[in-house]
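An overview of the molecular structure
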Amino acid sequence: MKLPLMKTRACLALAEETETARRDLYALLDRFPAESFTSGNVETEDNVRGILCHVTFATFSYGCWIDRVLGRLDPAVEKGRKAEFLARVRAITNARDYSTASEWASETYYNALAATSEPELDLEFK
(Lines give C-alpha, C1' and ligand atoms only; values in the text may rest on other atoms or scores of the structure.)
Protein backbone atom coordinates (compact mmCIF):
# COMPACT_ATOMS: atom_id res chain seq x y z
CA MET A 1 0.00 0.00 0.00
CA LYS A 2 1.35 3.43 -0.89
CA LEU A 3 1.26 5.95 1.94
CA PRO A 4 -0.18 9.40 1.27
CA LEU A 5 2.11 12.41 1.44
CA MET A 6 2.63 13.34 5.10
CA LYS A 7 2.97 16.90 6.40
CA THR A 8 5.38 15.96 9.19
CA ARG A 9 8.20 13.49 9.69
CA ALA A 10 6.55 12.21 12.87
CA CYS A 11 3.40 11.26 10.96
CA LEU A 12 5.44 9.58 8.24
CA ALA A 13 7.46 7.59 10.78
CA LEU A 14 4.28 6.46 12.54
CA ALA A 15 2.61 5.53 9.25
CA GLU A 16 5.66 3.59 8.03
CA GLU A 17 5.89 1.60 11.28
CA THR A 18 2.17 0.89 11.27
CA GLU A 19 2.18 -0.20 7.64
CA THR A 20 5.13 -2.53 8.18
CA ALA A 21 3.38 -4.18 11.14
CA ARG A 22 0.12 -4.42 9.18
CA ARG A 23 1.81 -6.10 6.22
CA ASP A 24 3.65 -8.51 8.53
CA LEU A 25 0.45 -9.51 10.34
CA TYR A 26 -1.67 -10.02 7.24
CA ALA A 27 1.13 -11.95 5.51
CA LEU A 28 0.64 -14.64 8.17
CA LEU A 29 -2.99 -15.32 7.26
CA ASP A 30 -2.18 -17.99 4.68
CA ARG A 31 -0.76 -20.11 7.50
CA PHE A 32 -4.13 -20.51 9.20
CA PRO A 33 -6.79 -23.04 8.22
CA ALA A 34 -9.87 -21.61 6.52
CA GLU A 35 -12.05 -22.42 9.54
CA SER A 36 -9.99 -19.95 11.61
CA PHE A 37 -11.82 -17.18 9.76
CA THR A 38 -15.30 -18.59 10.30
CA SER A 39 -15.09 -19.74 13.91
CA GLY A 40 -14.25 -17.93 17.12
CA ASN A 41 -15.85 -15.04 18.93
CA VAL A 42 -15.38 -11.76 17.03
CA GLU A 43 -15.71 -9.84 20.30
CA THR A 44 -12.71 -11.42 22.04
CA GLU A 45 -9.03 -11.54 21.16
CA ASP A 46 -8.45 -15.20 22.08
CA ASN A 47 -8.87 -16.49 18.52
CA VAL A 48 -7.68 -15.59 15.01
CA ARG A 49 -10.97 -14.09 13.92
CA GLY A 50 -11.33 -11.99 17.06
CA ILE A 51 -7.76 -10.68 16.77
CA LEU A 52 -8.25 -9.72 13.12
CA CYS A 53 -11.55 -7.99 13.88
CA HIS A 54 -9.94 -6.05 16.71
CA VAL A 55 -6.84 -4.99 14.78
CA THR A 56 -8.72 -4.11 11.60
CA PHE A 57 -11.40 -2.14 13.41
CA ALA A 58 -8.90 -0.40 15.70
CA THR A 59 -6.96 0.91 12.72
CA PHE A 60 -10.12 2.39 11.22
CA SER A 61 -11.25 3.68 14.61
CA TYR A 62 -7.97 5.51 15.25
CA GLY A 63 -8.27 7.30 11.91
CA CYS A 64 -11.81 8.39 12.73
CA TRP A 65 -10.76 9.47 16.23
CA ILE A 66 -7.93 11.64 14.87
CA ASP A 67 -10.32 13.35 12.48
CA ARG A 68 -12.95 13.86 15.20
CA VAL A 69 -10.66 15.32 17.87
CA LEU A 70 -9.14 17.69 15.33
CA GLY A 71 -12.59 18.89 14.28
CA ARG A 72 -12.63 17.25 10.85
CA LEU A 73 -15.36 14.70 11.57
CA ASP A 74 -18.71 15.18 13.28
CA PRO A 75 -19.11 12.81 16.28
CA ALA A 76 -22.44 11.48 14.99
CA VAL A 77 -20.91 10.71 11.60
CA GLU A 78 -17.96 9.04 13.32
CA LYS A 79 -20.29 6.84 15.37
CA GLY A 80 -22.22 5.76 12.27
CA ARG A 81 -19.09 5.03 10.24
CA LYS A 82 -17.59 2.99 13.06
CA ALA A 83 -20.76 0.95 13.57
CA GLU A 84 -21.03 0.24 9.84
CA PHE A 85 -17.38 -0.76 9.51
CA LEU A 86 -17.43 -2.92 12.65
CA ALA A 87 -20.45 -4.85 11.34
CA ARG A 88 -18.69 -5.30 8.01
CA VAL A 89 -15.49 -6.58 9.64
CA ARG A 90 -17.32 -8.95 11.97
CA ALA A 91 -19.07 -10.52 8.96
CA ILE A 92 -15.80 -11.41 7.19
CA THR A 93 -15.12 -15.14 6.83
CA ASN A 94 -11.90 -15.39 4.79
CA ALA A 95 -8.31 -14.15 4.80
CA ARG A 96 -8.56 -12.20 1.57
CA ASP A 97 -11.48 -10.10 2.81
CA TYR A 98 -9.66 -9.37 6.09
CA SER A 99 -6.69 -8.13 4.08
CA THR A 100 -8.94 -5.97 1.91
CA ALA A 101 -10.70 -4.51 4.96
CA SER A 102 -7.35 -3.87 6.58
CA GLU A 103 -6.13 -1.91 3.57
CA TRP A 104 -9.31 0.16 3.54
CA ALA A 105 -9.04 0.81 7.31
CA SER A 106 -5.39 1.75 6.89
CA GLU A 107 -6.23 4.26 4.16
CA THR A 108 -8.59 5.98 6.59
CA TYR A 109 -5.90 6.03 9.27
CA TYR A 110 -3.06 7.18 6.99
CA ASN A 111 -5.21 9.89 5.43
CA ALA A 112 -6.02 11.21 8.92
CA LEU A 113 -2.31 11.23 9.77
CA ALA A 114 -1.44 12.89 6.47
CA ALA A 115 -3.86 15.73 7.21
CA THR A 116 -2.34 16.34 10.66
CA SER A 117 -0.10 19.37 11.06
CA GLU A 118 2.86 19.75 13.38
CA PRO A 119 1.01 22.04 15.81
CA GLU A 120 -1.82 19.49 15.98
CA LEU A 121 0.69 16.81 17.02
CA ASP A 122 1.46 18.85 20.15
CA LEU A 123 -2.17 18.99 21.30
CA GLU A 124 -3.25 16.88 24.26
CA PHE A 125 -6.50 14.96 24.27
CA LYS A 126 -8.26 13.04 27.00
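**Some words on the overall build of the protein chain**
Helix and strand counts for the protein chain stand at five helices and zero strands. Counting from the amino terminus, the protein chain carries its helices and strands in the arrangement α-α-α-α-α. For the protein chain, whose C-alpha radius of gyration is 15 Å, the value lies close to the compact-globule estimate of 14 Å for 126 residues. Along the longest, intermediate and shortest principal axes, the C-alpha atoms of the protein chain span 45 × 30 × 20 Å. Put simply, the protein chain has 126 residues, and 37% of those count as buried. Summarising the internal contacts of the protein chain: among those between residues at least 6 apart in sequence, 66% fall at separations of at least 24. Within the structure as shown, the protein chain displays about 7700 Å² of accessible surface, and the carbon and sulfur contribution to it stands at 54%. Taking the average location of the 16 positive side-chain charges in the protein chain and that of its 20 negative ones, the two points are 3 Å from each other.

**Remarks on the pattern of salt bridges**
Counted under the stated rule, the structure contains eight salt bridges. Put simply, Arg90 and Glu43 hold a salt bridge, and the shortest N to O gap is 3.8 Å. On the criterion of sequence distance, the pair formed by Arg90 in helix H3 (residues 75-90) and Glu43 in the loop between helix H1 (9-27) and helix H2 (48-69) is long-range, its members being 47 residues apart. We classify Arg90 as partly exposed; its relative accessible area is 30%. Given a relative accessible area of 55%, Glu43 falls into the exposed group.

Thresholds applied
- Residues numbered from 1 in each chain as written.
- Predicted model: local features only at pLDDT ≥ 70, side-chain atom pairs only at ≥ 80, totals over all residues.
- Heavy atoms only, no water.
- Helix = DSSP H or I, 4+ residues; strand = E, 2+ residues; numbered from the N terminus.
- Rg over C-alpha atoms; globule rule 2.2 N^0.38 Å.
- Buried < 20%, exposed > 50% of the residue type's maximum accessible area, 1.4 Å probe, protein only.
- Contact = heavy atoms within 4.5 Å.
- Areas by Shrake-Rupley, 256 points an atom, 1.4 Å probe, with all protein chains shown as cover.
- Lys, Arg positive; Asp, Glu negative; His and termini not counted.
- Charge placed at Lys NZ, Arg CZ, Asp CG, Glu CD.
- Salt bridge = Lys/Arg side-chain N within 4 Å of Asp/Glu carboxyl O.

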